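Topology and contacts: notes
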2 protein chains.
Amino acid sequence: MSPKLIDDATREAREAEILQTALDVIAREGVSGLTIDKVVTKVPYSKGTVYNHFSCKEDLLTALCNNCVRRLADIFFRAAAFEGSSREKMLAIGIAYMLHSQLNPTEFMLVLSAKTPSVTEKSSQKRQDEHQELETKLLGKLLGIISDGLAHGELTLAPHLSPAQVSFSLWAMSFGTIALLQENLERCGVRQEMSLERELINHSNLVLDGLNWTPYTLDHDWHESVQRMKDTVFAPEVAKIQALVDAAS
Amino acid sequence: MSPKLIDDATREAREAEILQTALDVIAREGVSGLTIDKVVTKVPYSKGTVYNHFSCKEDLLTALCNNCVRRLADIFFRAAAFEGSSREKMLAIGIAYMLHSQLNPTEFMLVLSAKTPSVTEKSSQKRQDEHQELETKLLGKLLGIISDGLAHGELTLAPHLSPAQVSFSLWAMSFGTIALLQENLERCGVRQEMSLERELINHSNLVLDGLNWTPYTLDHDWHESVQRMKDTVFAPEVAKIQALVDAAS
DNA sequence: ACCTGAACACCGTTCAAGT
DNA sequence: ACCTGAACACCGTTCAAGT
């Protein structure tokens, strides 16, 4: 083992500082306005040091995306801890997705960018493996809730459907919805929260009914469930959104 | 009116030539390998002329994406003409999506890229409007089939769901599925067709059952429907895929 | 009215020199 | 062992000159 002149903790802090600075640049000037030069001038390190952390510009973008997904996994963890039926927990995952995308609009759109060939073609293998791992973790949360549903008899899978297929369906639906609504999201911001929320509940009900996941849409008050989630497991996110709304008015 | 030295037809042909050349470059060197310089050297026109057609590099990417979506709309048109129930037609849309993504892998991934901020931030308004218009056209095909289902009593919408919401759901699901599967698509190519096809049928059945769109999954042989689509409305695409498979072996 | 390509500015990436 | 920033190569974009 060779001796280290800087320890892991300070190295990590430095990386976080570079990433935060890059995110600031993107928030102000857009993804196409991000430049390593701009980041370097706003940070007390040299260009070489930045390239010591990231193999290229796209690698930095993937790192930013991974940070965002990592925090999303945390929120999913809390969603799964919601006290309710397995179907309510699955709805909670969708609401978590929504709140997270509203609180982190800049980072969230990077999740789409990071799936784009111009980024994957250049980003380092290490960070793309990490991305894959984080996505597997997200899918794992979905799989856990599906297992709960099966164990409690609230969900019975048709013979041609595996739990993995179902979790993939749900994920694809959430991803697609938010990706396609993104343009509108950017324009309308927090104001549009309510209609997006209704869409998401409808969307979720559609698929979960299709799966025969009880209780069915018409046998439960799902808007009440969402309110209870907001009061409990998602209280921190709701408070932050409220603070944003207050600041805007 | 000022006199024109070149007519619209030759101008259009030139634009098509530039676009095809750009596509060749991307197919060979990836999106990140695309350079206006490279395109210019492979084309009998100057840089200035290329910039006369496209406001910037990203504008060219959006144009390429729009070309792809335009052809997708054609296939959707044929899918809607499939002789069968409204639910079969809706499944045909999904199969059309799949075949198109397999036949045009390079262009298809550009549909994802074109939704990315680094492209939308720079692309011209004109071409982004065109993109919006083309997407509306796609959604229109879905809406038409939904209307058919409602008119024939094969589909009854719950009071909280509008046709527009349903078509958006279906679209989001398809888009999300293909976006998330894309990485795997690139790796495995045509060989994986069969498993992707099965996923897509399952996926479609899931959502259409959720909508109470008859006939239900278990009351019909959907694989037989798909075979009939391939023999009729999608015969051209199937022949092209077969040619690719033959060439590979 | 349209085309051309030299010229410019900017930016990603490297690496020899320094500590 | 790590940091620095000058230097390089490349590329997007413009525009004066030409037809």
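The rules behind these values
Residues numbered from 1 in each chain as written. Chains lettered and ligands numbered in written order. Predicted model: local features only at pLDDT ≥ 70, side-chain atom pairs only at ≥ 80, totals over all residues. Heavy atoms only, no water. Helix = DSSP H or I, 4+ residues; strand = E, 2+ residues; numbered from the N terminus. Rg over C-alpha atoms; globule rule 2.2 N^0.38 Å. Buried < 20%, exposed > 50% of the residue type's maximum accessible area, 1.4 Å probe, protein only. Contact = heavy atoms within 4.5 Å. Salt bridge = Lys/Arg side-chain N within 4 Å of Asp/Glu carboxyl O. Near = heavy atom within 4 Å. Polar contact = N/O pair within 3.5 Å; in protein donor to acceptor, adjacent residues only side chain to side chain. Core = buried A, V, L, I, M, F, W, Y, C linked by side-chain atoms within 4.5 Å. Nonpolar A, V, L, I, M, F, W, Y, C, P; charged D, E, K, R; others polar. Least-squares fit on C-alpha atoms with pLDDT ≥ 70 in both. Phe/Tyr/Trp six-rings, centres within 6.5 Å; stacked < 30°, edge-to-face > 60°. Lys NZ or Arg CZ within 6 Å of the ring centre and 35° of its normal. Buried area = accessible area lost by both parts, 1.4 Å probe. pLDDT = per-residue confidence, 0-100. Axes fitted to C-alpha atoms, helices over the stretch in contact; angles between N-to-C directions. Left-handed = near helix turned anticlockwise from the far one by under 90°.

Along its length, chain A carries twelve helices and zero strands. Overall, chain A shows an N-to-C arrangement of helices and strands of α-α-α-α-α-α-α-α-α-α-α-α. The C-alpha radius of gyration of chain A comes to 20 Å, within 12% of the 18 Å expected for a compact globule of 249 residues. The principal-axis extents of the C-alpha atoms in chain A amount to approximately 60 × 50 × 30 Å. Burial status across chain A gives 53% buried among its 249 residues. In chain A, once contacts between residues fewer than 6 apart in sequence are set aside, the share between residues at least 24 apart is 75%.

In total, this model carries 26 salt bridges over all chains according to the counting rule given. When the shortest N-O distance is used, the salt bridge between Glu 237 of chain A and Arg 78 of chain A registers 2.7 Å. Taken together, the residues Glu 237 of chain A in helix H12 (residues 235–248) and Arg 78 of chain A in helix H4 (residues 57–80) connect sequence positions 159 residues apart. Two residues, Asp 59 of chain B and Arg 127 of chain B, come together in a salt bridge whose shortest N-O distance is 3.3 Å. You can see Asp 59 of chain B sitting in helix H4 (residues 57–80) and its partner Arg 127 of chain B sitting in helix H8 (residues 125–151), a full 68 residues away along the chain. For Arg 127 of chain B, a relative accessible area of 5% translates into the label buried. Each of Glu 15, Asp 59 and Arg 127 of chain A takes part in one network of salt bridges that share partners.

Moving on, we get to the protein's contact with DNA strand C. Around DNA strand C, the surrounding shell holds 18 residues, and the nearest of these are Ile 36, Lys 47 and Tyr 51 of chain A together with Arg 14 and Thr 49 of chain B. Counting only the atoms of DNA strand C that lie within 4 Å of the protein, the sugar and phosphate share comes to 69%. Lys 57 of chain A places a polar main-chain atom, nitrogen or oxygen, 3.1 Å from a phosphate oxygen of DNA strand C. Take Thr 49 of chain B: an N or O atom from its side chain is 2.8 Å from a phosphate oxygen of DNA strand C. Put simply, the parts of the chain that give the surface near DNA strand C at least two residues each are helix H2 (36–41) and helix H3 (47–53) of chain A together with helix H3 (47–53) of chain B. Top element by residues in the surface near DNA strand C is H3 of chain B. It accounts for four residues.

Among the nonpolar cores identified, the biggest contains 152 residues, and Met 90, Ile 95, Leu 211 and Phe 234 of chain A together with Met 90, Leu 211 and Phe 234 of chain B are the most heavily contacted of them. Once residues lying within four places of it in the same chain are set aside, the contact partners of Phe 234 of chain B are Ile 75, Arg 78, Ala 79, Ala 92, Ile 95, Ala 96, Leu 99 and Met 229 of chain B.

Taken together, 18 residues surround DNA strand D, and among them Arg 14 and Thr 49 of chain A together with Ile 36, Lys 47 and Tyr 51 of chain B come closest. The separation between a phosphate oxygen of DNA strand D and a polar main-chain atom of Lys 57 of chain B is 3.1 Å. Side-chain polar atom of Lys 122 of chain B to a phosphate oxygen of DNA strand D: 3.2 Å apart, as the coordinates give it. Secondary structure elements with two or more residues in the surface near DNA strand D: H3 of chain A together with helix H2 (36–41) and H3 of chain B. Sorting elements by how many residues they give to the surface near DNA strand D places H3 of chain A first, with four residues. Looking at the surface near DNA strand D, its residues break down into six nonpolar, six polar and six charged.

All names here are of chain A. Looking at the element boundaries, Leu 206 is found in helix H10 (residues 193–210). Look at Leu 206 and you get buried, because its relative accessible area is 6%. Considering only alpha carbons, one finds Leu 206 and Thr 217, eleven residues apart in sequence, at a separation of 8.2 Å.

Time to look at the side chain of Lys 230 of chain B. Residues and elements named next belong to chain B. The residue Lys 230 is located in helix H11 (residues 222–231) in this model. A relative accessible area of 11% places Lys 230 in the buried class. Side-chain polar atoms of Lys 230 contact the side chain of Glu 197, separated by 2.9 Å.

Okay, the relation of the copies chain A and chain B next. Expressed as a screw operation, the relation of chain A to chain B combines 0.0 Å of axial shift with a rotation of 180 degrees, fitting to an RMSD of 0.0 Å. Taken together, these values place the two copies in the relation of a two-fold axis. For chain A, the smallest separation between a C-alpha atom and the rotation axis is recorded for Gly 210 of chain A, amounting to 1.7 Å. Both copies contact each other with a shared surface, as 100% of the interface residues of chain A are interface residues in chain B too.

What follows covers the environment of Phe 234 of chain A. Its location among the elements puts Phe 234 of chain A in the loop between helix H11 (222–231) and H12. Counting along the chain gives 142 residues from Phe 234 of chain A to Ala 92 of chain A, while the straight-line C-alpha distance between them is 9.2 Å.

On to the packing of aromatic side chains. Residues and elements named next belong to chain A. If you walk through the whole model with that rule in mind, you get six aromatic pairs over all chains. Here a set of aromatic residues connected by ring pairs shows up, and it is made of Phe 76, Tyr 97 and Phe 108. The positively charged end of Arg 14 is found above the aromatic ring belonging to Tyr 45, 5.6 Å away from the centroid.

Contacts between the two partners involve 38 residues from chain A, matched on the other side by 38 residues from chain B. Where chain A abuts chain B, roughly 3400 Å² becomes buried across the two surfaces, and 66% of that area is made up of carbon and sulfur atoms. On the chain A side of the contact with chain B, Phe 168, Leu 180 and Leu 206 of chain A bury the most area, a combined 18% of that side's loss. Applying the counting rule to chain A against chain B returns zero salt bridges. Of all elements in the fold, only helix H6 (105–113), helix H7 (117–120), helix H9 (163–188) and H10 of chain A reach the threshold of two or more residues within the side of chain A that touches chain B. Element by element, the count of residues in the side of chain A that touches chain B is highest for H9 of chain A, at 14 residues.

Of all residues in chain A, 92% attain a pLDDT of 70 or more, and the chain-wide mean is 89. Within chain A, the lowest mean pLDDT, 74, falls on H9 of chain A, and the highest, 98, falls on H3 of chain A.

We now examine the packing of helix H5 (residues 86–103) of chain B against H11 of chain B. All names here are of chain B. Their axes nearest at 10 Å, the elements H5 and H11 cross at an angle of 65 degrees. Here the hand of the crossing between H5 and H11 comes out right-handed. Counting all contacts with H5, which are made through Arg 87, Glu 88, Leu 91, Ala 92 and Ile 95, the residues of H11 involved are Trp 222, Ser 225, Val 226, Arg 228 and Met 229. Considered class by class, the residues forming the contact of H5 with H11 number six nonpolar, one polar and three charged.

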